[in-house]
Structures are given as structure tokens and as C-alpha cells.
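Reading the structure
If you want the building blocks of each chain, they are given just below.
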Amino acid sequence: MGNKQYQKGVRAEYLARDALKGFGYYVIRSSGSHGIIDLIGFDLNSIILVQVKSGEFPFSEKNKCITDLEAFKRLLPLNCRVELWIKKQNASGFERLTI
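Heads up: these notes are all about the structure in this document. Computed from a predicted model, the values in this text were never measured in an experiment. (Residues numbered from 1 in each chain as written. Predicted model: local features only at pLDDT ≥ 70, side-chain atom pairs only at ≥ 80, totals over all residues. Heavy atoms only, no water.)

1. Section: the environment of cysteine 80
Inspection of the secondary structure assignment puts cysteine 80 in strand β4 (residues 80–87). Given the relative accessible area of 10%, cysteine 80 is considered buried. For the pair cysteine 80 and asparagine 3, spaced 77 residues apart in sequence, the C-alpha to C-alpha distance is 32 Å. Ignoring anything within four residues of it in the chain, the contact list for cysteine 80 reads Ile47 and Lys73. (Helix = DSSP H or I, 4+ residues; strand = E, 2+ residues; numbered from the N terminus. Buried < 20%, exposed > 50% of the residue type's maximum accessible area, 1.4 Å probe, protein only. Contact = heavy atoms within 4.5 Å.)

Quick look at the structure:
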């Protein structure tokens, strides 16, 4: 992955982190992990696990990401929510998909 793409991804993660904080969550960013989850948000009642993607990416990659997140979600307690957040170029917010 090129340096520009990495920087774009990091910016999207920080925007998503700030949005989660705005919703009242405490947030942990899993920087540099290259894992399935980029952000963990939690409050007294719930946990949200977020995979952040930025820019345009092929439909097949989106489907693979959703399939991977669905498999991961089956391992989690019921109070955990898993979401895919997509930051499209020149868009002000995120497309949010709840898995």
C-alpha cells in the first residue's frame, strides 16, 4: 500500500474515532494492526467494533470484508456491535453498514 493510501486510511480512522467519541463512546484505535477491527468504542452498556475503509474499492473487496466481519461477529458477546464504515472521497461522512 502506498504512503498516500496509508495516510488517507489513517485520516479516515481519526475521523471515525472522533465521530464515535461524539456519540459518547470511549474509543481505542488499533493503529498499525492490519487486523479486522480498526476501532473499539465502548460505553457502560455496549461495545462497537468498527472496520474503517476509505476511498473507492471494488464490490468484491467490500463483500469479502463483510463476510470476514460476519464470521468475526459470531465469536462475540451479544452486546457487541460490528460495523463497516466507508469514507468515500469528497464525502462529508461515512457510509455505515451494521453487520
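2. Overview of the sheet that holds strand β2 (residues 39–42)
Ordered by their spatial adjacency, 5 strands build an open sheet running β1-β2-β3-β4-β5, and the pairing between neighbours is mixed. Each having just a single partner strand, β1 (26–29) and β5 (95–98) make up the two edges of the open sheet. When strand polarity is set aside, the average angle formed by the axes of neighbouring strands in this sheet is 25 degrees. When β2 meets strand β3 (residues 47–54), the two strands line up antiparallel, connected through 4 bridges. Note that in β3 the partner of isoleucine 40 across the bridge is leucine 49. Along the sheet, helix α1 (residues 3–22) makes contact with β1, β2, β3 and β4, crossing β3 at roughly 150 degrees. Against the sheet, helix α2 (residues 59–73) contacts β3, β4 and β5, and its axis sits at roughly 165 degrees relative to β4. (Pairing = 2+ DSSP bridges. Axes fitted to C-alpha atoms, helices over the stretch in contact; angles between N-to-C directions.)

3. A short note on the state of the cysteines
Simply put, disulfide is the name for a covalent bond between the sulfur atoms of two cysteines. Counted according to the given criterion, the structure contains 0 disulfides. Note on cysteine 80: no disulfide assigned, nearest cysteine sulfur contributed by cysteine 65 at a separation of 17 Å. (Disulfide = S-S within 2.5 Å.)

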